[in-house]
Amino acid sequence: MTVCLDVHGRVAILRLDHPPHNILDRNHHDQLRDHTDHLARREDIHTVVVRGDRHLSAGADIDELLRLGPADLLRHICDLQAALTAVARLPQPIVAAVGGYALGAGCELALCADHRIAAHNAVLGQPEIRHGLIPGAGGTQRLTALVGPALAKDLIYTGRHVRATEARRIGLVDEVVPAAELYPAALAWATRLSQAPPHALRAAKRAIDTTATLNLTTGLARERLYFVGLFSDPPEAAARSCPRE
(Lines give C-alpha, C1' and ligand atoms only; values in the text may rest on other atoms or scores of the structure.)
Protein backbone atom coordinates (compact mmCIF):
# COMPACT_ATOMS: atom_id res chain seq x y z
CA MET A 1 0.00 0.00 0.00
CA THR A 2 1.25 3.48 -0.85
CA VAL A 3 -1.53 5.20 1.13
CA CYS A 4 -1.67 3.91 4.70
CA LEU A 5 -4.54 4.30 7.15
CA ASP A 6 -3.93 4.27 10.90
CA VAL A 7 -6.25 5.14 13.75
CA HIS A 8 -5.26 6.89 16.98
CA GLY A 9 -8.32 7.01 19.19
CA ARG A 10 -10.86 9.18 17.40
CA VAL A 11 -8.32 10.44 14.83
CA ALA A 12 -7.56 8.70 11.53
CA ILE A 13 -4.18 9.21 9.85
CA LEU A 14 -3.99 9.02 6.05
CA ARG A 15 -0.28 8.76 5.22
CA LEU A 16 1.25 8.79 1.75
CA ASP A 17 4.10 6.30 1.65
CA HIS A 18 5.70 6.45 -1.80
CA PRO A 19 9.25 7.71 -1.19
CA PRO A 20 11.18 9.75 -1.93
CA HIS A 21 8.66 12.41 -3.03
CA ASN A 22 5.24 10.74 -2.72
CA ILE A 23 4.45 11.14 -6.41
CA LEU A 24 0.71 10.59 -6.89
CA ASP A 25 0.09 7.85 -9.46
CA ARG A 26 -2.94 5.75 -10.36
CA ASN A 27 -2.49 3.47 -7.34
CA HIS A 28 -2.88 6.46 -5.05
CA HIS A 29 -6.19 7.41 -6.68
CA ASP A 30 -7.72 4.00 -5.98
CA GLN A 31 -6.33 3.76 -2.47
CA LEU A 32 -7.49 7.25 -1.52
CA ARG A 33 -10.99 6.40 -2.73
CA ASP A 34 -10.99 3.11 -0.81
CA HIS A 35 -9.84 4.77 2.40
CA THR A 36 -12.22 7.74 2.14
CA ASP A 37 -15.17 5.42 1.43
CA HIS A 38 -14.22 3.52 4.58
CA LEU A 39 -13.72 6.62 6.72
CA ALA A 40 -16.98 8.20 5.62
CA ARG A 41 -18.80 5.26 7.24
CA ARG A 42 -16.80 5.36 10.49
CA GLU A 43 -18.90 7.05 13.16
CA ASP A 44 -16.08 6.52 15.68
CA ILE A 45 -13.62 8.65 13.65
CA HIS A 46 -14.09 12.33 14.46
CA THR A 47 -11.15 13.95 12.62
CA VAL A 48 -8.58 13.02 9.95
CA VAL A 49 -4.92 13.93 9.45
CA VAL A 50 -3.42 13.79 5.94
CA ARG A 51 0.37 13.58 5.89
CA GLY A 52 3.47 12.29 4.14
CA ASP A 53 6.84 11.75 5.75
CA ARG A 54 9.61 14.04 4.52
CA HIS A 55 7.29 15.41 1.79
CA LEU A 56 3.52 15.60 1.53
CA SER A 57 3.68 15.08 -2.26
CA ALA A 58 5.64 16.55 -5.16
CA GLY A 59 2.63 16.05 -7.42
CA ALA A 60 1.40 13.77 -10.18
CA ASP A 61 3.63 11.59 -12.33
CA ILE A 62 4.11 13.86 -15.37
CA ASP A 63 5.92 11.10 -17.27
CA GLU A 64 2.90 8.87 -16.76
CA LEU A 65 0.58 11.58 -18.06
CA LEU A 66 2.65 12.17 -21.17
CA ARG A 67 2.36 8.49 -22.11
CA LEU A 68 -1.44 8.57 -22.10
CA GLY A 69 -3.71 9.08 -25.07
CA PRO A 70 -6.64 11.55 -24.89
CA ALA A 71 -9.24 9.06 -23.65
CA ASP A 72 -6.93 7.58 -20.99
CA LEU A 73 -5.82 11.05 -19.96
CA LEU A 74 -9.40 12.16 -19.40
CA ARG A 75 -10.07 9.06 -17.30
CA HIS A 76 -6.87 9.70 -15.35
CA ILE A 77 -7.67 13.31 -14.48
CA CYS A 78 -11.28 12.41 -13.69
CA ASP A 79 -10.02 9.72 -11.31
CA LEU A 80 -7.53 12.11 -9.66
CA GLN A 81 -10.16 14.82 -9.28
CA ALA A 82 -12.59 12.28 -7.84
CA ALA A 83 -10.01 10.95 -5.38
CA LEU A 84 -9.14 14.41 -4.04
CA THR A 85 -12.78 15.47 -3.99
CA ALA A 86 -13.53 12.36 -1.91
CA VAL A 87 -10.92 13.57 0.57
CA ALA A 88 -12.41 17.07 0.64
CA ARG A 89 -15.93 15.67 1.12
CA LEU A 90 -15.10 13.48 4.09
CA PRO A 91 -17.65 14.34 6.77
CA GLN A 92 -14.90 14.67 9.37
CA PRO A 93 -12.74 17.83 9.62
CA ILE A 94 -9.32 17.29 8.00
CA VAL A 95 -5.93 18.71 8.92
CA ALA A 96 -3.09 18.51 6.40
CA ALA A 97 0.46 18.21 7.71
CA VAL A 98 2.40 19.92 4.92
CA GLY A 99 6.05 18.96 5.03
CA GLY A 100 8.67 19.39 2.32
CA TYR A 101 7.16 19.53 -1.16
CA ALA A 102 3.44 20.09 -1.67
CA LEU A 103 3.49 20.80 -5.40
CA GLY A 104 0.95 20.31 -8.17
CA ALA A 105 -1.43 17.55 -7.11
CA GLY A 106 0.31 17.57 -3.71
CA CYS A 107 -0.73 21.18 -3.20
CA GLU A 108 -4.20 20.30 -4.47
CA LEU A 109 -4.38 17.55 -1.84
CA ALA A 110 -3.49 20.06 0.88
CA LEU A 111 -6.22 22.37 -0.44
CA CYS A 112 -8.77 19.65 0.34
CA ALA A 113 -8.12 20.02 4.07
CA ASP A 114 -10.01 22.22 6.50
CA HIS A 115 -6.80 23.28 8.27
CA ARG A 116 -3.24 23.27 6.94
CA ILE A 117 -0.15 23.19 9.17
CA ALA A 118 3.15 23.62 7.34
CA ALA A 119 6.68 22.80 8.38
CA HIS A 120 9.06 25.76 8.20
CA ASN A 121 10.80 24.07 5.24
CA ALA A 122 7.60 23.39 3.29
CA VAL A 123 7.40 24.44 -0.36
CA LEU A 124 3.97 24.77 -1.98
CA GLY A 125 2.91 25.64 -5.50
CA GLN A 126 1.12 24.84 -8.72
CA PRO A 127 4.00 24.55 -11.23
CA GLU A 128 1.96 22.98 -14.05
CA ILE A 129 2.30 26.06 -16.26
CA ARG A 130 6.01 25.24 -16.65
CA HIS A 131 4.95 22.07 -18.51
CA GLY A 132 2.40 23.91 -20.64
CA LEU A 133 -0.43 22.69 -18.42
CA ILE A 134 -2.78 23.98 -15.72
CA PRO A 135 -3.72 22.44 -12.37
CA GLY A 136 -6.13 19.61 -13.14
CA ALA A 137 -7.14 18.20 -9.76
CA GLY A 138 -8.94 21.16 -8.25
CA GLY A 139 -6.18 23.77 -8.05
CA THR A 140 -7.87 26.40 -10.21
CA GLN A 141 -10.99 26.11 -8.08
CA ARG A 142 -9.95 25.43 -4.49
CA LEU A 143 -6.90 27.70 -4.58
CA THR A 144 -9.04 30.59 -5.85
CA ALA A 145 -11.64 29.95 -3.16
CA LEU A 146 -8.94 29.96 -0.49
CA VAL A 147 -6.67 32.88 -1.41
CA GLY A 148 -8.77 34.84 -3.92
CA PRO A 149 -8.51 35.28 -7.71
CA ALA A 150 -5.55 37.69 -7.75
CA LEU A 151 -3.22 35.49 -5.69
CA ALA A 152 -4.44 32.32 -7.42
CA LYS A 153 -3.61 33.86 -10.80
CA ASP A 154 -0.19 34.91 -9.54
CA LEU A 155 0.63 31.39 -8.36
CA ILE A 156 -0.88 29.53 -11.32
CA TYR A 157 0.28 31.91 -14.08
CA THR A 158 3.88 31.96 -12.83
CA GLY A 159 4.08 28.43 -11.44
CA ARG A 160 6.32 29.80 -8.71
CA HIS A 161 7.01 28.00 -5.47
CA VAL A 162 5.89 29.49 -2.17
CA ARG A 163 7.83 29.02 1.06
CA ALA A 164 6.00 28.37 4.31
CA THR A 165 6.26 31.93 5.67
CA GLU A 166 4.74 33.43 2.53
CA ALA A 167 2.13 30.68 2.40
CA ARG A 168 1.07 31.66 5.92
CA ARG A 169 0.97 35.35 5.00
CA ILE A 170 -1.30 34.83 2.00
CA GLY A 171 -3.58 32.33 3.74
CA LEU A 172 -2.46 29.24 1.86
CA VAL A 173 -1.59 27.58 5.19
CA ASP A 174 -2.88 28.33 8.67
CA GLU A 175 0.18 27.63 10.84
CA VAL A 176 3.93 27.21 10.43
CA VAL A 177 5.92 25.06 12.86
CA PRO A 178 9.44 23.57 12.98
CA ALA A 179 9.74 20.46 10.82
CA ALA A 180 10.26 18.21 13.85
CA GLU A 181 7.00 19.44 15.34
CA LEU A 182 4.84 19.11 12.21
CA TYR A 183 3.17 15.76 12.77
CA PRO A 184 2.74 16.24 16.56
CA ALA A 185 1.15 19.65 15.89
CA ALA A 186 -1.24 18.22 13.29
CA LEU A 187 -2.17 15.30 15.56
CA ALA A 188 -2.69 17.66 18.52
CA TRP A 189 -4.98 19.91 16.46
CA ALA A 190 -7.01 16.94 15.23
CA THR A 191 -7.16 15.39 18.71
CA ARG A 192 -8.38 18.64 20.23
CA LEU A 193 -11.18 18.86 17.65
CA SER A 194 -12.06 15.19 18.12
CA GLN A 195 -13.26 15.97 21.65
CA ALA A 196 -16.18 17.98 20.24
CA PRO A 197 -19.52 16.24 19.55
CA PRO A 198 -19.03 14.56 16.15
CA HIS A 199 -22.52 15.37 14.87
CA ALA A 200 -21.87 19.06 15.52
CA LEU A 201 -18.47 18.97 13.78
CA ARG A 202 -19.97 17.29 10.73
CA ALA A 203 -22.91 19.69 10.61
CA ALA A 204 -20.61 22.70 10.84
CA LYS A 205 -18.41 21.37 8.01
CA ARG A 206 -21.44 20.69 5.80
CA ALA A 207 -22.88 24.13 6.45
CA ILE A 208 -19.63 25.97 5.67
CA ASP A 209 -18.71 23.86 2.65
CA THR A 210 -22.16 24.16 1.08
CA THR A 211 -21.56 27.79 0.17
CA ALA A 212 -17.98 27.18 -0.94
CA THR A 213 -18.92 24.30 -3.25
CA LEU A 214 -22.10 25.61 -4.88
CA ASN A 215 -20.30 26.06 -8.24
CA LEU A 216 -17.36 23.73 -7.61
CA THR A 217 -18.74 20.84 -9.66
CA THR A 218 -19.06 23.04 -12.74
CA GLY A 219 -15.63 24.54 -12.14
CA LEU A 220 -14.00 21.13 -11.79
CA ALA A 221 -15.62 19.93 -15.02
CA ARG A 222 -14.21 22.93 -16.90
CA GLU A 223 -10.80 22.49 -15.29
CA ARG A 224 -10.38 18.89 -16.41
CA LEU A 225 -11.50 19.70 -19.96
CA TYR A 226 -8.99 22.53 -20.18
CA PHE A 227 -6.29 20.28 -18.72
CA VAL A 228 -6.91 17.46 -21.21
CA GLY A 229 -7.25 19.95 -24.06
CA LEU A 230 -3.71 21.18 -23.42
CA PHE A 231 -2.40 17.78 -24.50
CA SER A 232 -3.94 18.28 -27.94
CA ASP A 233 -1.82 19.22 -30.93
CA PRO A 234 -1.88 21.98 -31.98
CA PRO A 235 -2.69 24.03 -28.85
CA GLU A 236 -5.29 26.08 -30.78
CA ALA A 237 -7.34 22.92 -31.16
CA ALA A 238 -7.31 22.53 -27.40
CA ALA A 239 -8.73 26.01 -26.93
CA ARG A 240 -11.52 25.32 -29.43
CA SER A 241 -12.43 22.05 -27.68
CA CYS A 242 -12.96 23.71 -24.29
CA PRO A 243 -16.28 25.23 -23.22
CA ARG A 244 -16.78 28.97 -23.52
CA GLU A 245 -18.26 31.21 -20.88
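Keep in mind it's a predicted model, so treat the numbers as computed, not measured.

This brings us to the nonpolar core. Generally speaking, soluble globular proteins have nonpolar side chains that are buried together. Counting residues in each nonpolar core, the largest one holds 52 residues, and the members touching the most others are Val-48, Val-50, Val-98, Leu-124, Leu-143, Leu-172 and Phe-227. The element that contributes the greatest number of residues to this core is helix H3 (residues 70-88), accounting for seven residues. Apart from residues no more than four positions distant in its own chain, Leu-124 is found in contact with Val-98, Ala-102, Leu-103, Cys-107, Arg-160, His-161, Val-162, Ala-167, Leu-172 and Val-173. Counting residues in each nonpolar core, the second largest holds twelve residues, with Ile-13, Val-95, Ile-117 and Trp-189 among its members.

If you check helix H8 (residues 182-194), its first and last C-alpha atoms are 18 Å apart, about what 13 residues at 1.5 Å a residue would give, namely 18 Å. Within the sequence span of H8, burial applies to Leu-182, Ala-186, Trp-189, Ala-190 and Ser-194. Looking straight down H8, one finds that the buried residues subtend no more than 140° of arc, so they occupy a single side. Buried-residue contacts for H8 involve strand S2 (11-16), strand S3 (47-51), strand S4 (94-98), strand S6 (115-119) and strand S9 (175-177).

What follows is about a negative patch on the surface. Taken together, the side chains of Asp-30, Asp-34, Asp-37 and Asp-79 define an acidic patch exposed on the protein surface. Ranked by residues supplied to the negative patch, first place goes to helix H1 (residues 26-40) with three residues. When you line up the elements, Asp-37 lands in helix H1.

As summarised here, the arrangement of the six strands in space is S1-S2-S3-S4-S6-S9, forming an open sheet in which the pairing is mixed. A strand with exactly one partner marks an edge of an open sheet, and here the two such strands are strand S1 (3-8) and S9. Averaged over all pairs of adjacent strands, the angle between their axes in this sheet comes to 20°, without regard to strand direction. Sheet analysis places S4 next to S6, joined by four bridges and oriented parallel. Residue pairing in the sheet places Val-98 in a bridge with Ala-118 of S6. Packing against the sheet, H1 makes contact with S1, S2 and S3, and its axis sits at approximately 25° to S1.

The next subject is the sheet that holds strand S7 (residues 123-125). On the basis of which strands lie adjacent, the open sheet formed by three strands has the order S5-S7-S8 and mixed pairing. The open sheet terminates on both sides in strands that have one partner only, identified here as strand S5 (101-103) and strand S8 (162-163). Inspection of the sheet shows S5 paired to S7 by three bridges, in the parallel sense. When the sheet's bridge partners are listed, Ala-102 is paired in S7 with Leu-124.

What the rule picks out here adds up to nine salt bridges. One salt bridge in this structure joins Asp-53 and Arg-51, with 3.3 Å as the shortest N-O distance. Taking the relative accessible area as the measure of exposure, Asp-53 reaches 45% and is therefore partly exposed. Residues Arg-160 and Asp-154 are paired through a salt bridge, measuring 2.8 Å at the closest nitrogen-oxygen approach. A residue is classified by how much of its surface remains accessible, and Arg-160, at 24% relative accessible area, is partly exposed. Overall, the relative accessible area of 26% leaves Asp-154 in the partly exposed class.

So, how was this worked out
Residues numbered from 1 in each chain as written. Predicted model: local features only at pLDDT ≥ 70, side-chain atom pairs only at ≥ 80, totals over all residues. Heavy atoms only, no water. Core = buried A, V, L, I, M, F, W, Y, C linked by side-chain atoms within 4.5 Å. Buried < 20%, exposed > 50% of the residue type's maximum accessible area, 1.4 Å probe, protein only. Helix = DSSP H or I, 4+ residues; strand = E, 2+ residues; numbered from the N terminus. Contact = heavy atoms within 4.5 Å. Expected span 1.5 Å × (residues − 1). Arc of directions from axis to C-beta. Patch = residues over 30% accessible without salt bridge, like charges linked within 9 Å, V, L, I, M, F, W, Y side chains within 5 Å. Areas by Shrake-Rupley, 256 points an atom, 1.4 Å probe, with all protein chains shown as cover. Salt bridge = Lys/Arg side-chain N within 4 Å of Asp/Glu carboxyl O. Lys, Arg positive; Asp, Glu negative; His and termini not counted. Charge placed at Lys NZ, Arg CZ, Asp CG, Glu CD. Pairing = 2+ DSSP bridges. Axes fitted to C-alpha atoms, helices over the stretch in contact; angles between N-to-C directions.

Nothing here speaks to function; it is geometry throughout.
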